[in-house]
Amino acid sequence: MGSKIVHLAYIGLLLLLFMTVSLSYLELGYGNELLAYGFAILKSLIILIVFMSLLKENVISKVYFYMALFGILLIVVFVMDDLVYRG
């Protein structure tokens, strides 16, 4: 893996970190949680793809990754649903 890709990933992670911290100062209602989860997912995808070389792994590793991603997505959906309807 080239150092240019690693440097771009590092800059991207720093930018997403800055955006996450900046988000805490905004009042967007439920949008804060959604954007924070989105930034966290993007950061984890950058780490998985660039630093853990997920694209070069075998098929079973990718299946486990997608199963875990689906589980996290379910948790996020149910937490957001609970926040909306709890009142």
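This is a predicted model, so every value here is computed, not measured.

### Side note on the overall build of the protein
Then step 1. Looking only at helices and strands, the protein features three helices and zero strands.
Then step 2. Shown N-terminal to C-terminal, the secondary structure of the protein runs as helices and strands in the order α-α-α.
Then step 3. Whereas a compact globule of 87 residues would reach a radius of gyration of roughly 12 Å, the protein reaches 16 Å, over 25% beyond that.
Then step 4. With the C-alpha coordinates of the protein rotated into their principal frame, the extents come out at 50 × 30 × 10 Å.
Then step 5. Nonlocal contacts in the protein, meaning residues at least 24 apart in sequence, comprise 59% of its contacts between residues at least 6 apart.
Then step 6. Only carbon and sulfur atoms are counted for the fraction: they give 75% of the accessible area of the protein, which is about 6800 Å².
Then step 7. Taken together, the 5 basic and 5 acidic charged side chains of the protein have centroids lying 18 Å from each other.

### So, the confidence of the model for the protein
Then step 1. In this model, the protein carries a mean pLDDT of 86, and residues with pLDDT of at least 70 account for 98%.
Then step 2. When the elements of the protein are averaged for pLDDT, helix H3 (residues 59-86) gives the smallest value, 85, and helix H1 (residues 3-23) the largest, 92.

### Some thoughts on the packing of helix H2 (residues 30-51) against H3
Then step 1. Relative orientation of the contacting elements H2 and H3 amounts to 170°, with a least axis distance of 11 Å. Compared by their axis directions, H2 and H3 come out roughly antiparallel. In this structure, H2 uses Tyr30, Glu33, Leu34, Tyr37, Leu45 and Leu48 to contact H3, whose residues at the interface are Phe65, Val76, Val79, Met80, Leu83 and Val84.
Then step 2. In terms of residue class, the contact of H2 with H3 is built from 11 nonpolar, no polar and one charged.

What counts and what doesn't
- Residues numbered from 1 in each chain as written.
- Predicted model: local features only at pLDDT ≥ 70, side-chain atom pairs only at ≥ 80, totals over all residues.
- Heavy atoms only, no water.
- Helix = DSSP H or I, 4+ residues; strand = E, 2+ residues; numbered from the N terminus.
- Rg over C-alpha atoms; globule rule 2.2 N^0.38 Å.
- Contact = heavy atoms within 4.5 Å.
- Areas by Shrake-Rupley, 256 points an atom, 1.4 Å probe, with all protein chains shown as cover.
- Lys, Arg positive; Asp, Glu negative; His and termini not counted.
- Charge placed at Lys NZ, Arg CZ, Asp CG, Glu CD.
- pLDDT = per-residue confidence, 0-100.
- Axes fitted to C-alpha atoms, helices over the stretch in contact; angles between N-to-C directions.
- Parallel < 35°, antiparallel > 145°, perpendicular 65-115°, else oblique.
- Nonpolar A, V, L, I, M, F, W, Y, C, P; charged D, E, K, R; others polar.

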